[in-house]
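The residues making up each chain are set out below.
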Amino acid sequence: MHVKIEQSWNSLLKDQWDLPYFANLVDFVKHEYATKTIFPPASKIFAAFDSCPADKVKVVIIGQDPYHGPGQANGLCFSVAPGIPLPPSLINIFKEISDDMGKPMPQSGDLSRWAAQGVLLLNATLTVEAHRAASHQGQGWETFTDCVISRLSSKYQGIVFLLWGNYAISKKRLIDETKHLVLTSVHPSPLSAYRGFIGCRHFSKANQYLTSIGKTPIEW
């Protein structure tokens, strides 16, 4: 099967394309897009990969599934298209960056500026039906994105993994912590952010680690 994805990721993941689970996933996703309103736009399903080549990854942030409101999802976890109001979790992320790094709150929630610097903004599930959170979970996306995490962990070293909330923290089992930095906290959602996300200082800690191993820090 041919999958339109950035070349370095194709090299890393090409053995997945012909596995039965992936063929079933493709059939499911094609049918969903043909019959329902699905986010993100089909051209942006692999946006996280296309905007951040595998060999350039410095930081991985793991989300659960895309935003399910019109115009929000752009293929990067926690990110929204320019001009879209900031979702509550993203507001809390920006608040923490402001407190941690002394930066003003940005006007735009488009995180492609992070992706261009080597931040892989990976949702565990890459598609969702409009207004139905988690509607595409359990269809095979998690198998694929678990493979992404484990391959990054095994092939590379010196990556920062930011795991926010129990779901993301469950992916810790896929990461070799002798080679990478794993930082965990509660989710930045308003329901939990003030129980440990606010004040976690993950953004400065990530940059301190990157600097310590000779990598350029992220301009958050």
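Whatever comes next refers back to the structure up there.
Residues take numbers from 1 onward in each chain, read along the sequence in its written order. Note on the predicted model: pLDDT of at least 70 is required for a residue's local features to be given, and 80 or more for side-chain atom pairs to be given and counted; whole-chain, interface and lining totals, by contrast, use all residues. Note that the side-chain values use all heavy atoms of the structure and ignore hydrogens as well as water.

## Focus: the sheet that holds strand β5 (residues 160-164)
In this analysis, strands are considered paired if DSSP registers two or more bridges between them. Counting from the N terminus, the helices are the DSSP runs of H or I reaching at least four residues and the strands are the DSSP runs of E reaching at least two. The strand order β3-β2-β5-β6 describes an open sheet built from 4 strands, whose pairing is parallel. Looking at the sheet topology across the chains shown, the edges are occupied by β3 (119-123) and β6 (181-185). The mean inter-strand angle of the sheet, taken between neighbouring strand axes irrespective of direction, is 20°. Relative to β6, β5 runs parallel, the two sharing 5 bridges. When the bridges of β6 are listed, Trp164 appears paired with Ser185. Against the sheet, helix α8 (residues 202-212) touches β2 (59-63), β5 and β6, its axis set at about 175° to β6. Every axis corresponds to a line fitted to the C-alpha atoms, with the helix fit spanning only the stretch in contact, and the corresponding angles, defined between N-to-C directions, vary from 0 to 180 degrees. We call two residues in contact when some of their heavy atoms are within 4.5 Å.

## Describing the pattern of salt bridges
Note on pairing: side chains with opposite charge can pair once their charged atoms come close. Here, a salt bridge means any side-chain nitrogen of Lys or Arg that lies within 4 Å of a carboxyl oxygen of Asp or Glu. Within the structure shown, the criterion is met by 9 salt bridges. Lys36 is paired through a salt bridge with Glu32; the nearest N and O atoms lie 3.1 Å apart. Given a relative accessible area of 37%, Lys36 falls into the partly exposed group. Residue classification places Glu32 among the buried positions, given a relative accessible area of 5%. Here Asp146 ties to Arg173 by a salt bridge, and the two come within 3.1 Å at their closest N and O atoms. Pair noted here: Asp146 is in helix α6 (residues 141-155) and Arg173 is in the loop between α7 (166-169) and β6, with a separation of 27 residues, a long-range link. The classification of residues rests on relative accessible area computed with a 1.4 Å probe and restricted to protein chains. Under 20% of the type maximum is buried, over 50% is exposed, and intermediate values are partly exposed. Given a relative accessible area of 15%, Asp146 falls into the buried group. Connected through salt bridges with shared partners, the residues Glu32, Lys36, Glu129 and Arg132 form a single ionic network.

## Some words on the layout of surface pockets
The rule is simple: put a 1 Å grid over the protein atoms alone, call a set of points where a 1.4 Å probe fits but cannot get out a cavity, call an open set with protein on both sides within 12 Å along at least five of seven lines a pocket, and count a residue as lining if it has an atom within 4 Å of a point. Grid points are joined across faces, edges and corners, and a volume is the space filled by probe spheres set on the points. Each pocket or cavity is described by its volume, and for the largest pocket that value is around 570 Å³. Gln64, Asp65, Tyr67, Phe78 and His187 are, among the 34 residues lining the largest pocket, the residues nearest its centre. Elements with a contribution of two residues or more to the lining of the largest pocket: β2, α4 (88-101), β3 and α7. Counted as a void, the second largest pocket has a volume near 450 Å³. Lining the second largest pocket are 16 residues; nearest its centre among them are Val3, Lys4, Ala42, Ile45 and Phe46. In terms of residue count, the dominant contributor to the lining of the second largest pocket is helix α2 (residues 20-35) (6 residues). Its residues placed into classes, the lining of the second largest pocket shows 11 nonpolar, 2 polar and 3 charged. Charged residues are taken to be Asp, Glu, Lys and Arg, nonpolar residues to be Ala, Val, Leu, Ile, Met, Phe, Trp, Tyr, Cys and Pro, and polar residues to be all remaining types, Gly included.

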